[in-house]
Structure formats: structure tokens, C-alpha cells
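Structure assessment
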Amino acid sequence: MRIDLVSAVPALLREPLEHSIVGRARTKGLLDVYVHDLRDEAINRHGQIDDYPFGGGAGMVLRPEPIFAVIERLLSERPYDEVIFTAPDGERLDQSMANGLSLKGNLIVLCGHYKGIDERVRERLITREISVGDYVLSGGELPALVLVDAIARLLPGVLGDEESALLDSFQAGRLDSPLYTRPAVFRDMAVPSVLTSGDHRRIALWRDEQSLERTRQRRPDLLAD
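Small disclaimer: the values here were computed from a predicted structure and weren't measured. (Residues numbered from 1 in each chain as written. Predicted model: local features only at pLDDT ≥ 70, side-chain atom pairs only at ≥ 80, totals over all residues. Heavy atoms only, no water.)

Secondary structure summary: the protein contains nine helices and 10 strands in total. Counting only C-alpha atoms and orienting by the principal axes, one finds that the protein spans roughly 70 × 40 × 35 Å. Here the protein, with 225 residues, has 39% of them falling under the buried criterion. For the protein, the proportion of contacts with a sequence separation of at least 24, taken over those separated by at least 6, is 75%. Carbon and sulfur atoms provide 50% of the accessible area of the protein, an area that totals close to 13,300 Å². (Helix = DSSP H or I, 4+ residues; strand = E, 2+ residues; numbered from the N terminus. Buried < 20%, exposed > 50% of the residue type's maximum accessible area, 1.4 Å probe, protein only. Contact = heavy atoms within 4.5 Å. Areas by Shrake-Rupley, 256 points an atom, 1.4 Å probe, with all protein chains shown as cover.)

Turning next to the nonpolar core. Ile-3, Leu-5, Leu-17, Leu-31, Leu-101, Leu-147 and Val-148 are the most contacted members of the largest nonpolar core, which totals 27 residues. For this core, the elements supplying multiple residues, two or more each, are strand 1 (2–7), helix 2 (20–27), strand 2 (32–37), helix 4 (95–101), strand 6 (106–111) and helix 6 (141–152). For this core, the leading source of residues is helix 6, giving six residues. Every residue in contact with Ile-3, bar those within four places of it in the chain, is listed here: Leu-31, Asp-32, Val-33, Tyr-34, Leu-107, Val-109, Val-148 and Ile-151. Ranked by size, the runner-up nonpolar core spans 20 residues in total, among them Ile-49, Val-83, Ala-87 and Leu-125. (Core = buried A, V, L, I, M, F, W, Y, C linked by side-chain atoms within 4.5 Å.)

Quick look at the pairing of strand 1 now. Most of strand 1 is tucked away: six of the six residues are buried. Burial along strand 1 is two-sided: Arg-2, Asp-4 and Val-6 facing one way and Ile-3, Leu-5 and Ser-7 facing the other are all buried. Both strand 1 and strand 2 contribute to a ladder of six bridges, which runs parallel. Its bridge partner being in strand 2, Val-6 is matched across the sheet by His-36. (Pairing = 2+ DSSP bridges.)

For the rest of this paragraph, the subject is the sheet that holds strand 3 (residues 50–51). Strand pairing within a sheet occurs via backbone hydrogen bonds; the two strands may be parallel or antiparallel. Taken in spatial order, the three strands of this open sheet run 3-4-7, and their pairing is mixed. A strand with exactly one partner marks an edge of an open sheet, and here the two such strands are strand 3 and strand 7 (116–117). Pairing between strand 3 and strand 4 (residues 61–62): two bridges, direction antiparallel. Looking at the pairing, Asp-50 lines up with Leu-62 of strand 4.

In C-alpha cells, the structure reads:
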């Protein structure tokens, strides 16, 4: 799988992509991630890629020329399944969406910055807009990293135990059950005895019950459907 990230601040992306699950996926050759600097297509020698919004108002807007130049070059080199814009007014990212995107071949992710991007980019180039929540960040780089991480861990061969991803919270429309590890007793707090019983049927039943109860308590909206 290949993901191209287009950003006004590429330094925010490069270091995190070297580590953890994404770094492992890249090292194994299961995921290629490339970062493209919009300033490489700046409109002048001063590196300008933004301008004041027409009609006035606070903030700056990313100009269309650099964005079109980078994305159209990528589109001329290979086919892409989606050109994604990380936007606060996009579709809310969820596990089902991450599952679907992990099955794609090539993705472009445009990271917004400043006040936003020229609307003509969204009208002409973007095929999907994704939000990571109902709040505003200083740029789309962090949401892009969240998206890449959510996708990378689903790629076959990335995780040591591929079943782990299938048992994550939200995969079955519920939260995960409580997790415990050694020692069996820590500061007078003991692991539930069922988990050390060796009875895999009882353990599976306990986990299912705990998952359902935790979801009822913390995210009842997930059960409403």
C-alpha cells in the first residue's frame, strides 16, 4: 500500500512516521509513505503558499496553485483510490472507515493548514473528506498521522498477532474488555480468577460480558444501533 501526504509543514510528519506500528509497516515493505512539501511548489521565491481570504476575515488560506501542482503530478504518475482532505467538517473517522481504507492500494492525504484551503481544491481534486473529531487543530498533519496509523495496523503482516486487530475496541461495535497481565496480584489487587482458570470458554464468555457492560457504561451510543 502507498500513502502520499501533502503538507505545508512536512516536519510535523516525518519523524512520527519512523516509529511504532507505521515504522514497522514501512520497514517490512508493507506500507510506503511519502511526504510532499507544498513549498516546493511555492508561487514565488519567498516560499509563499498562502494568502488572505477574499471578502476579508481573520487567518490565511492555502492557495490553490501549490496544491494543484503537487496532487496533479502524483495523479499523473499512478492511479489513486482516494484523494483525502483532513478537514473538521469531513466524515468522522471510525473503525469501519479505517477497515475500508486499509483495503485500498494508493491514497493521497492533503493536510489542511492555517484557516483552511481554497474551496476550488475541494471541488476539483478531493474525493473524500475525513475528520478525527469535533474540534479544531492548528493543521491537518496530526489527523493525517492518526489516519495512517489506523490504516497501517490493519495491513496483513504488520502486527505480530494479526488477530489482535480484529479484537480491538470498535471492531465489533463495542469497547474492548478490561486487560490484565503479570503479576497476578499487585498491591492487593488481584486479576479476576476466571482469567487464570485456563477455561477458555469461561474466559471468552467473561470477556464478552465485560465488553458489553463497559460499552453500556461508557459508550451507550454504540449499542443504540
